[in-house]
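# Examination of the molecular architecture
Residues per chain are reported as follows:
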Amino acid sequence: MAAQNNLHIPDDLLSAVSEAASADGKTTDELAAEALRRYLAHRNLEELGQYGREQSSRLGYTEAGVTRLSAESRRENRGR
């Protein structure tokens, strides 16, 4: 069982969430939990992308270079 929490949600947003939840056969709590999980997953993906951009910049990789290296790797792995 989840802990009881309180969030302030503007009335117009709560109304829209309630309608959407009802249409999907879910409770507003279920819909809110799903939306928060998706938000956190998206945030983690954005952080991972930022980390990748920082690392590629630090290592001197360019988009063209990555494309070339990927093509070379594919050619090399075809023979295996």
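Use the structure listed above.
Residue positions are given per chain, counted from 1 along the sequence in the order it is written. Per-residue local features of the predicted model are confined to residues with pLDDT of at least 70, and side-chain atom pairs are confined, for both listing and counting, to 80 or more; whole-chain, interface and lining totals are unaffected and use all residues. Only heavy atoms go into the side-chain values, all of them from the structure, while hydrogens and water stay out.

### Considering the overall build of the protein chain
Spelled out, the test is: Helix and strand assignments come from DSSP, with helices taken as H or I runs of at least 4 residues and strands as E runs of at least 2, each series counted from the N terminus. Throughout, radius of gyration means the C-alpha value; the globule benchmark is 2.2 Å times the number of residues raised to the power 0.38. Categorising residues by exposure relies on relative accessible area from a 1.4 Å probe, with only protein chains included: less than 20% of the type maximum marks a residue as buried, more than 50% marks it as exposed, and the intermediate range marks it as partly exposed. Accessibility throughout is a Shrake-Rupley quantity obtained with a 1.4 Å probe, and a residue counts as covered only by protein chains that appear here.
Scanning the protein chain from N- to C-terminus turns up three helices and zero strands. For the protein chain, the N- to C-terminal ordering of α and β elements is α-α-α. Against the globule reference of 12 Å for 80 residues, the protein chain gives a C-alpha radius of gyration of 22 Å, more extended than a compact globule. Taking the principal axes of the C-alpha coordinates as reference, the protein chain spans close to 55 × 30 × 25 Å. The proportion of buried residues among the 80 residues of the protein chain is 4%. Here the protein chain displays about 7,300 Å² of accessible surface, and carbon together with sulfur accounts for 53% of that area.

### With respect to a nonpolar patch on the surface
Under the convention used in this document: Distance thresholds for patches are 9 Å for like charges and 5 Å for nonpolar side chains (Val, Leu, Ile, Met, Phe, Trp, Tyr), applied to residues having over 30% relative accessible area and no salt bridge. The term salt bridge refers to a pairing of a side-chain nitrogen on Lys or Arg with a carboxyl oxygen on Asp or Glu at a separation within 4 Å.
Together, Leu59, Tyr61, Val66 and Leu69 give the surface a local cluster of nonpolar side chains, amounting to about 350 Å² of exposed area. Tracing the backbone through its elements, the reader meets Val66 in helix α3 (residues 63–78). Residue classification places Val66 among the partly exposed positions, given a relative accessible area of 39%.

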